[in-house]
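What the coordinates show
What follows is the residue order along each chain.
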Amino acid sequence: MRQMHINLFIYGCGHHRAAWRHPQSGIERMGDIRFFQNLAQIAERGKLDAVFFADGQSADNVSDGPRWFLEPLTMLSALAVATEKIGLISTVSSTFFTPFHAARMLASLDHISNGRMGWNVVTSMYDVEARNHNYESMPDHAWRYKRAEEFIDVAKRLWDSWPDEAVKIDRQGDYADVSLVQPINHHGEHFLVDGPLTVPRSPQGHPVLFQAGASEQGRTVAAQSAEAIYAVAYDLPAAQAYYRDIKRRVKEAGRTVDVPIMPGLVTYVGSTKAEALAKQRELDELLPAETSLRQLGQFIYQDCMDWELDAPVPPLPPLEGFPGPKGRYGTILRIIEKENPTVRQLLGRLAAGGGHCTMVGTPEEIADEMEHWFRNEGADGFNLMPPALPESIEDFVDHVVPVLQKRGLFRKEYEGSTLREHLGLERPKA
């Protein structure tokens, strides 16, 4: 029976922008690896597929609360030794890293975790990030995606530069067969990489490649290369349109593998609907309007600090031609079109998850909605974005997961030990 895939997306004290302000938040522990190890252990207790960390390359607007604290690849090395089965996924930018550096770190972590590593490839987006990496401004969209395509290809070839049979460990002879460990001699438009990699082939062969493309080029890259896909979907119709488009593109790319699609999901769980709504309202009331307007300005690429909070949202430019991240901007346009909110109402909607799907209710109600998406071409699973940590993930693991398990929609035990096995993916051959 087909079952859901569920990841925990760990982001600071939670995805709600005011989560750190709550009296019981873990804000003082952002530099304490035990805080994050505990979150990973909670997720593993719920038999989730993986934990996932995003990443950013700038420290602007630090007054708004924590965005990036510990570097994620460093964190995952510590989470690997605090867990046994759950997958470990990190974002790595193809705009700012080099393929050799990324391939070496990711292969090392796949060894350290015994085959549980995943790589979420992003092209990055903001000029303030670019200026921390030797660029005057962010290179244009087409250039970044061409670089990403070449980056992915080179990383895969580096992982394959050590075939499985290359390591012999013959104490009276050779450690490895020199004839099998081969340079890749890549001389491309963006990279010059001789190889081979310094790390022998890792347990999964390749760490699992995740991608979250929403633009035309992003969807093309996802269809050609991604082994699992993160998505932004405000509601089921939006989720279905993306799901069907990506599945079609994967097939047209000549791939026969099933590529799981996992939209982001914010959940507020209560024993009653009223209790769940109270949890949501409690966080919303901690949100300063100025902070929210600043965040909205980043999403829509314009200054909105003087917008009247209780007036309708001013007209926004169409999606076509928008210079920033198109997935999130398209979601904002859809919220405005469907809900006709005031500025204040839009800020509340974006406060947790930036416009991703939000489900508020009892465990059974949330399981009902998740199942509806799952059975109607909206999702193969979900990338959980808990509004407050650890409370929201504890609520989900302790109360929603058992309902999904009882319905046969989610595993009761891990059947494998690698992330590829959790996701039903084959191990690539060198």
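As recorded in an unreviewed UniProt entry, the protein goes by LLM class flavin-dependent oxidoreductase and comes from Candidatus Paenalcaligenes intestinipullorum. Within the UniProt record for the protein, the comment given under Sequence similarities (unreviewed entry) is "Belongs to the NtaA/SnaA/DszA monooxygenase family."

As a further point, take the UniProt feature "binding site: FMN" (unreviewed entry) in the protein. Sequence positions flagged by UniProt for "binding site: FMN" (unreviewed entry) are, in local numbering, Asp55, Thr91, His141, Tyr145 and Ser215. Checked against the lining of the largest cavity, the annotated residues reduce to Asp55. Beyond its immediate sequence surroundings of up to four residues, Asp55 is in contact with Trp68, Pro72 and Thr91. Within polar-contact distance, the side chain of Asp55 engages the side chain of Gln57 at 3.2 Å. Within the secondary structure layout, Thr91 lies in strand β3 (residues 87-93). Those residues in contact with Thr91, other than ones at most four positions away along the chain, are Phe52, Phe53, Ala54, Asp55, Asn120 and Val122.

Before going further, it helps to examine the side chain of Ser93. Among the structural elements, Ser93 can be located in strand β3. One polar contact links the side chain of Ser93 to the main-chain amide nitrogen of Phe96, over a distance of 3.3 Å. Excluding residues that lie within four positions of it along the chain, Ser93 makes contacts with Val122, Thr123, Ser124 and Phe151.

Conventions we followed
Residues numbered from 1 in each chain as written. Predicted model: local features only at pLDDT ≥ 70, side-chain atom pairs only at ≥ 80, totals over all residues. Heavy atoms only, no water. UniProt positions renumbered as here; feature names shortened; annotations may be inferred. 1 Å grid on protein atoms, 1.4 Å probe; cavity = no way out; pocket = protein on both sides within 12 Å on 5 of 7 lines; lining within 4 Å. Contact = heavy atoms within 4.5 Å. Polar contact = N/O pair within 3.5 Å; in protein donor to acceptor, adjacent residues only side chain to side chain. Helix = DSSP H or I, 4+ residues; strand = E, 2+ residues; numbered from the N terminus.

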